[in-house]
Amino acid sequence: MHFHQIYKMPPEKPPLADVDFDQAPFVIFWEVTRACALACRHCRAKAQPRRDPRELTTAEGFNLIDQIAKLGNPVFIFTGGDPLMRSDIFDLISYAIEKGLRVSLAPSATKLVTQQRLAKVKAAGLARVSYSLDGATAETHDAFRQIPGSFVRTLEIIKTTKDVGLSFQLNTTVTRYSADALKALAEMVSEMGAVLWDVFFLVPTGRGQTEDMVSPEKHEEIFHWLYQLSKTAPFDIKTTAAQPYRRVVIQENRRERSESLEELIAPGFHYRDDVSRSPKGVNDGNGCCFISHIGEVSPSGFLPLVAGNVRQEPLAQIYRHSPIFRDLRDVSKLKGKCGRCEYKTVCGGSRARAYAVTGDYLEAEPCCVYQPKSVLATTRN
């Protein structure tokens, strides 16, 4: 997860010191189903055509939502698979909104997304809907989604969403297939009127493959490009699984404004559609948690280690006391150069990518080119 400042949070929002990720996450994802009509190349869920009979029931979903509401006011995202494959999804969304949660929906670009359904969730108070756009042409997008016509369908759905008046964001996965199309995609995001562009740097889990990631040098190049784009783009930019981008933002701000590192740790945000973003860097298990379709709790959807199951114990207990989650919130346990980095409290590296590549979620981020000052000092000596 990542942040970059465009809209400042109102004064009444809690300052950094009051945001305690040891007690509650800032964002919670519930994978309501793994069923999906698409077969995307990168899918971390390895989504299947049919629903799993072991999915949390509607009643269990209501109970989970009750637990989430008691954790404060996290951003709550219904994801999948394709959440619209569940016939009770509108009941679940309405219930979550009634409980005061800030709710977003991440459906697949299929025929299940209709004007009637979008109008229904908007009337219920849905904050935002998100769609994926992984190519600037039908050829590249459809090859990634592995369903012919997906690109055209996505464009149709975006138009319908705008007609309904529902806020939306676009998500793009950065891989060796899409990296060269990012500039064209940014132009499309602007033209379409998305409030946010979520740029996700591939984590090789699920169907995602290590060889499809861009190089560490390419990561850095794209980070700097995104920072420059963020200063003029009519939409906000968020990065996912790109924790080192926080370092780039801080470095660039320090160069431009001559401000101290501490003053740039926590720029806050407030979107026009009232979906605020954390004033503190979110990472796997540190401000973020993920509940699977069968109730298993993980640090994120990209770090598929099971810390517990909501069918057996409360979500708050798992998040606060599971050894995995506690490890991930303790930067003193980070290994390699991440453990020696002066940016570790604001970056920490992608724990999901570290696990996917090395098998150890505390190892150094494999796609970061930065050499910490302490490492450079040791090298020189």
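Residues numbered from 1 in each chain as written. Predicted model: local features only at pLDDT ≥ 70, side-chain atom pairs only at ≥ 80, totals over all residues. Heavy atoms only, no water.

Participant: What's the story with the packing of helix H1 (residues 58-70) against helix H2 (residues 89-98) in this structure? I'm lost.
Facilitator: For any two helices packed against each other, the geometry comes down to the angle between their axes and how far apart the axes lie. Packing of H1 against H2 leaves a shortest axis separation of 10 Å and a crossing angle of 20 degrees. Judged by the inter-axis angle, H1 sits roughly parallel to H2. For the element pair H1 and H2, the recorded crossing hand is right-handed. Contacts between H1 and H2 involve Thr58, Gly61, Phe62, Ile65 and Asp66 from the former and Asp91, Leu92, Tyr95 and Ala96 from the latter. The residue makeup of the contact of H1 with H2, split by class, is 5 nonpolar, 2 polar and 2 charged. (Axes fitted to C-alpha atoms, helices over the stretch in contact; angles between N-to-C directions. Helix = DSSP H or I, 4+ residues; strand = E, 2+ residues; numbered from the N terminus. Parallel < 35°, antiparallel > 145°, perpendicular 65-115°, else oblique. Left-handed = near helix turned anticlockwise from the far one by under 90°. Contact = heavy atoms within 4.5 Å. Nonpolar A, V, L, I, M, F, W, Y, C, P; charged D, E, K, R; others polar.)

Participant: Just to check I follow, could you spell out the environment of Pro323 for this structure?
Facilitator: Relative to the assigned elements, Pro323 resides in helix H10 (residues 323-328). The exposure class of Pro323 is exposed, given its relative accessible area of 60%. C-alpha separation for the pair Pro323 and Ala307, spaced 16 residues apart in sequence, amounts to 7.7 Å. (Buried < 20%, exposed > 50% of the residue type's maximum accessible area, 1.4 Å probe, protein only.)

Participant: What should I look at first to understand the side chain of Thr110 in this one?
Facilitator: Locating Thr110 in the fold gives a position in the loop between strand E3 (102-105) and helix H3 (115-124). Aside from chain neighbours lying at most four places away, what touches Thr110 is Ala37, Leu38, Asp82, Arg153 and Ile157.

Participant: Even after reading the chapter, I still don't get H1, so can you show me in this structure?
Facilitator: Residue pairs three or four apart in sequence face the same way in an α-helix, which turns once every 3.6 residues. Helix length check: H1 (13 residues) gives 19 Å between terminal C-alpha atoms against 18 Å at 1.5 Å per residue, within 8%. Residues of H1 that are buried: Gly61, Leu64, Ile65, Gln67 and Ile68. Viewed along the axis of H1, the buried residues span an arc of 160 degrees, placing them on a single side of the element. Exposed and facing more than 90 degrees away from the buried side of H1 are Ala59 and Lys70. The inward-facing, buried residues of H1 contact strand E1 (27-31), strand E2 (75-79), H2, strand E9 (287-291) and helix H9 (315-321). Within two residues after H1, Gly72 carries a phi angle of roughly 120 degrees, on the positive side. (Expected span 1.5 Å × (residues − 1). Arc of directions from axis to C-beta.)

Participant: What should I look at first to understand unusual backbone geometry in this one?
Facilitator: One can expect most non-glycine residues to show negative phi and most peptide bonds to be in trans. Cis geometry marks the peptide bond from Gly80 to Gly81; its omega dihedral reads 20 degrees. Looking at where Gly81 falls in the secondary structure, it is placed in the loop between E2 and H2. Backbone geometry places Ala241, a non-glycine residue, at a positive phi of 55 degrees. For Ala241, a relative accessible area of 7% gives the class buried.

Participant: Before we go on, may I ask you to explain helix H7 (residues 216-230) in this structure?
Facilitator: Taking 1.5 Å per residue, 15 residues should reach 21 Å; H7 reaches 21 Å between its end C-alpha atoms and fits that length. Those residues of H7 that sit buried are His219, Glu220, Ile222, Phe223, Leu226, Tyr227, Leu229 and Ser230. Where H7 is buried, its residues meet strand E5 (168-174), helix H6 (182-192), strand E6 (196-201), strand E7 (236-240), helix H8 (244-257) and helix H12 (351-358).

Participant: It is not clear to me how the nonpolar core should be interpreted in this structure. Could you clarify?
Facilitator: Nonpolar side chains in soluble globular proteins tend to be buried together. Core analysis: the biggest nonpolar cluster contains 98 residues, and Phe78, Leu170, Trp197, Ile291 and Leu315 have the highest contact counts within it. Here this core takes 7 residues from H2, the largest share from any one element. In terms of nonpolar packing, the next biggest core, distinct from the first, is built from 7 residues, Ile250, Tyr343, Cys347 and Tyr370 among them. (Core = buried A, V, L, I, M, F, W, Y, C linked by side-chain atoms within 4.5 Å.)

Participant: Where do I start with the pattern of salt bridges in this structure?
Facilitator: Opposite charge on two side chains permits them to pair, given that their charged atoms come into close proximity. Taken as a whole, this structure holds 20 salt bridges when the rule is applied. Linking Lys99 and Asp66 is a salt bridge whose minimum nitrogen-to-oxygen distance equals 3.4 Å. Residue Lys99 is located in the loop between H2 and E3, and its partner Asp66 is located in helix H1; the two are separated by 33 residues in the primary sequence. Lys99 gets classed as partly exposed once you look at its relative accessible area, which sits at 41%. Beyond isolated ion pairs, a larger network of salt bridges with shared partners links Arg51, Glu55, Arg86 and Asp88. (Salt bridge = Lys/Arg side-chain N within 4 Å of Asp/Glu carboxyl O.)

Participant: Whenever I open this one, empty space enclosed by the protein confuses me. Can you help?
Facilitator: Unoccupied space between atoms shows up once a probe the size of one water molecule is rolled over them. Summed over all chains, the structure comprises 4 cavities of 30 Å³ or more. Here the second largest cavity is characterised by a volume of approximately 110 Å³. Of all the elements in the fold, those that place two or more residues in the lining of the second largest cavity are H8 and helix H11 (336-339). Counted by class, the lining of the second largest cavity contains 8 nonpolar, 2 polar and 3 charged residues. (1 Å grid on protein atoms, 1.4 Å probe; cavity = no way out; pocket = protein on both sides within 12 Å on 5 of 7 lines; lining within 4 Å. Points joined across faces, edges and corners; volume = space filled by probe spheres on them.)

As far as function goes, none of this settles anything; it's purely spatial.
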